[in-house]
Amino acid sequence: HVEDEEEKMSPSKKQVLDHSVKVATHYNQLQEVGLAARSRSRIFFMRNFNNWLKSVLIGEMLEQVRGAGSQQVSVLDLGCGKGGDLLKWRRGGIDHLVCADIAGVSVEQCQIRYDEMKKKSHRNEKIFTAQFITADCSKELLSEKLDDAELMFDICSCQFVYHYSFESEQKANMMLRNACERLKPGGYFIGTTPDAFELVKRLEASDSLSFGKEVFKVTFQSKGSYPLFGCQYHFNLEEVVNVPEFLVYFPLFEHMAKQYNMQLVQKQRFADFFEEKVKKENHRSLMMKMMALEPFPSEDGLQASDSAEEYCHAKEHC
Ligand code: SAM
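The shown structure was predicted, so the numbers you read here are calculated from the model rather than taken from an experiment.

Definitions and cut-offs
Residues numbered from 1 in each chain as written. Predicted model: local features only at pLDDT ≥ 70, side-chain atom pairs only at ≥ 80, totals over all residues. Heavy atoms only, no water. Helix = DSSP H or I, 4+ residues; strand = E, 2+ residues; numbered from the N terminus. Buried < 20%, exposed > 50% of the residue type's maximum accessible area, 1.4 Å probe, protein only. Pairing = 2+ DSSP bridges. Patch = residues over 30% accessible without salt bridge, like charges linked within 9 Å, V, L, I, M, F, W, Y side chains within 5 Å. Areas by Shrake-Rupley, 256 points an atom, 1.4 Å probe, with all protein chains shown as cover. Salt bridge = Lys/Arg side-chain N within 4 Å of Asp/Glu carboxyl O.

A. Local environment of unusual backbone geometry. Not every positive phi belongs to a glycine, and phenylalanine 160 is a case in point at roughly 60°. Locating phenylalanine 160 in the fold gives a position in the loop between β4 (153–159) and α6 (169–180). At asparagine 261, a position not held by glycine, the phi torsion is positive, near 60°. Following the sequence through the fold, asparagine 261 ends up in the loop between α8 (250–257) and α9 (270–277). A residue is classified by how much of its surface remains accessible, and asparagine 261, at 74% relative accessible area, is exposed.

Structure, rendered in structure tokens:
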């Protein structure tokens, strides 16, 4: 039946379908097997850096929300993946989390991780309640899938995800709608996404259609003209990630968000964010802890393969 439907589609619609399927299939199948030790360690340190950055961002956002008087904190993790941020929400002491992702296998793993976390928690610790949703958030309305139809969020966190939706205006709008329409007044939409200006700058400076060296490679289909939506490139990370992504033209994104009464509070590049935050003692010490971890199984048998924080946490309790 699906094939029949596909037959009837115009070529452009077919392409749109292909990309969503490609992204979901890619993340569903993602496994780090057979990589050389060198590659594993490079990816490991990069992932730790990203995790540190997200920890700081999430921690500071939760402080803001609490400072503004929110008692029961609810969060939407839009494009939650395998639940790499679950521990951050646990540390932040939130009350409710909704995890949504297009990749069903990842959502299952996220839920398993959450169940494990709950099982292993200390008797006095109150772990947040959670709902897990498999959905293409650039096509489907999440509010229709919520267990609690009245639920409003203090924060929507969209980490390394929003760029997939910039394939078309329709998709980018739906993703934005999912991120913003259920925010409480004064709520925050936080996220991380590649810097389109930097990508284009590096492409233009390259004498081919790609740039990047050993760890990652970015490949465009053409250069010189960059459509607002659907400007596709391939991001390749040491054989681990190879997936089509789309440039997010930030001024347009900011403009689009105004329809949800959103106002830009802060936008920073990773390097500047790092410079600023690492000056704070607590952030610096977390960074030191995360960077000191070993990418391979250590003597105590713990492997810091997925989330360095989980590893830190496990070690603290050993
Ligand atoms: N946010 C997680 C993190 O920081 O660890 C995962 C980031 S991963 C780079 C990107 C995630 O976006 C994948 O899990 C992918 O399945 C999800 N994704 C991509 N397009 C999506 C869509 N249209 N709807 C929901 N999730 C999507």
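B. Up close: the environment of tyrosine 188. When you line up the elements, tyrosine 188 lands in strand β5 (residues 183–192). For the pair tyrosine 188 and methionine 61, spaced 127 residues apart in the sequence, the C-alpha separation amounts to 7.8 Å.

C. Here's a closer look at the pairing of strand β9 (residues 241–246). Of all six residues that make up β9, five are buried, and the element is covered over most of its length. Of the strand pairs in this sheet, strand β8 (residues 232–237) and β9 are connected by six bridges, and their pairing is antiparallel. Its bridge partner being in β9, leucine 237 is matched across the sheet by valine 241.

D. How the structure looks around a nonpolar patch on the surface. Together, Phe197, Leu228 and Tyr249 give the surface a local cluster of nonpolar side chains, amounting to about 290 Å² of exposed area. Position of leucine 228 relative to the elements: it lies in the loop between β7 (216–220) and β8. A relative accessible area of 44% means that leucine 228 is categorised as partly exposed.

E. The arrangement of the pairing of β5 in detail. Pairing between β4 and β5: six bridges, direction parallel. Its bridge partner lying in β5, isoleucine 155 is registered against tyrosine 188.

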